[in-house]
Amino acid sequence: MRMIEVEAGQRRDDCVAMMCAEVYGHDAGLAPLVTYAAAVGALLPNLAARVVALAEGDRLRSVAMLVLEEQGKGLALALLATPRPLRGRGHGRELVERLAASAAMRVTVDEPRREAFFATFGFTRWFDDPAVKGRRVGVNARSQAGSLEQLDSLVEIDEAAIIRTFKNDPARFDRYKHDFVDGLARFPDYC
C-alpha cells in the first residue's frame, strides 16, 4: 500500500463528504456540511487543506484531511476515517503512522482514549487547551513545539460566515447538501 494525495475534484470532494459524515456522525446537524463546504468550496485554499489516503492500487483504504499551519511548518490532522466495510484491518493506523513519520504534526482530542491512541504513534507531548475544558493538543517528535503557545496558528475557516451564507443563499445551501449526499453515495466506488 502507498500513501497518496487525493487531487482536487470529485473524488476528493467525495472523500471529504465521507470523512465529515463518519467523524461528525449522521445526526450532527450542520457541522458536517459546514466542514464539507469549507473544504470543497475554496474557503480553505487547496494548499491549506489536503486530503491524503492510504491506497491499494486505485482503491482507497483510509482517508485523512490535513490542515496546514499558517507558516507552513507543520500540519494538523483535521479528519480521519476508514470506510465502515474496511475497519478493523489497521488501515487508519497505518495511514497515521506514515503521516506522523513524515511531518511535524498535531492532533486535537477530547477523550483520554483518543490521546492514548495517538500516543502509540509518537504524539508524546500533550498540552491542555485553555479554550475548551478537557481538550488536549498533542504533537509528534517531528514538531519543535514545547508548548501550545509555540504552535503556529492553523489556517481556519469562519463557520459562522458559512452558516450565514447558507441562510442567505438557500440555493447554495441546497447545492452543497446535494453534493454532500451524492458524494456519500459515490464514495463506496473508491473502496
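Just above, that's the structure.
Here we summarise the structure given alongside this text.

The rules behind each value
Residues numbered from 1 in each chain as written. Predicted model: local features only at pLDDT ≥ 70, side-chain atom pairs only at ≥ 80, totals over all residues. Heavy atoms only, no water. 1 Å grid on protein atoms, 1.4 Å probe; cavity = no way out; pocket = protein on both sides within 12 Å on 5 of 7 lines; lining within 4 Å. Points joined across faces, edges and corners; volume = space filled by probe spheres on them. Helix = DSSP H or I, 4+ residues; strand = E, 2+ residues; numbered from the N terminus. Pairing = 2+ DSSP bridges. Axes fitted to C-alpha atoms, helices over the stretch in contact; angles between N-to-C directions. Contact = heavy atoms within 4.5 Å. Parallel < 35°, antiparallel > 145°, perpendicular 65-115°, else oblique. Nonpolar A, V, L, I, M, F, W, Y, C, P; charged D, E, K, R; others polar. Core = buried A, V, L, I, M, F, W, Y, C linked by side-chain atoms within 4.5 Å. Buried < 20%, exposed > 50% of the residue type's maximum accessible area, 1.4 Å probe, protein only. Disulfide = S-S within 2.5 Å.

Looking at the layout of surface pockets
Of the volumes computed, that of the largest pocket is approximately 1800 Å³. Lining the largest pocket are 45 residues, with V23, L77, A78, L79 and T108 positioned closest to its centre. Contributions of two or more residues to the lining of the largest pocket are made by α1 (10-24), α2 (31-40), β3 (59-68), β4 (75-81), α3 (91-102), β5 (105-109) and α4 (112-119). Broken down by element, the lining of the largest pocket gets its largest block of residues, 6 residues, from β4.

Comments concerning the sheet that holds strand β7 (residues 136-139)
Judged by pairing direction, the sheet is mixed, and its 7 strands sit side by side in the order β1-β2-β3-β4-β5-β7-β6 without closing on themselves. Every interior strand has two partners, whereas the edge strands, β1 (2-5) and β6 (125-128), have only one. Each strand axis lies, on average, 30° off the axis of its neighbour in the sheet, ignoring direction. Sheet analysis places β4 next to β5, joined by 2 bridges and oriented parallel. If you follow L75 over to β5, its bridge partner there is M105. Running over the sheet, α1 touches β2 (49-56), β3 and β4 and is turned about 80° from β4. Strands β1, β2, β3, β4 and β5 of the sheet are contacted by α3, whose axis makes an angle of about 40° with β3.

A short note on the packing of α2 against helix α6 (residues 170-186)
Angle between the axes and distance between the axes: these two values describe a pair of packed helices. The interhelical angle for the contact between α2 and α6, taken along N-to-C directions, is 95°, at an axis separation of 10 Å. Compared by their axis directions, α2 and α6 come out roughly perpendicular. Between α2 and α6, the residues in contact are P32, L33, Y36, A37 and V40 and F173, Y176, K177, D179 and F180, respectively. For the contact of α2 with α6, the class distribution of residues is 8 nonpolar, no polar and 2 charged.

Details of the nonpolar core
Residues M19, Y36, V51, L60 and V63 are the most contacted members of the largest nonpolar core, which totals 30 residues. Residue contributions to this core peak at 7 residues, all from α1. Sequence-distant contacts of L60, defined by excluding residues within four places in its chain, comprise I4, R11, C15, A53, L54, A55, L86, F187, Y190 and C191. L54, L77, L95 and V96 belong to the second-largest nonpolar core, a separate cluster that totals 18 residues.

Re the state of the cysteines
One pass over the structure, following the stated rule, counts 0 disulfides. The structure places no disulfide on C15, whose sulfur is separated from the nearest cysteine sulfur, that of C191, by 8.3 Å. Residue class for C15 comes out buried when judged on its relative accessible area of 0%. The structure places no disulfide on C20, whose sulfur is separated from the nearest cysteine sulfur, that of C15, by 11 Å. You can call C20 buried: its relative accessible area is 0%.

Honestly, that's just the spatial picture; any functional story needs more than this.
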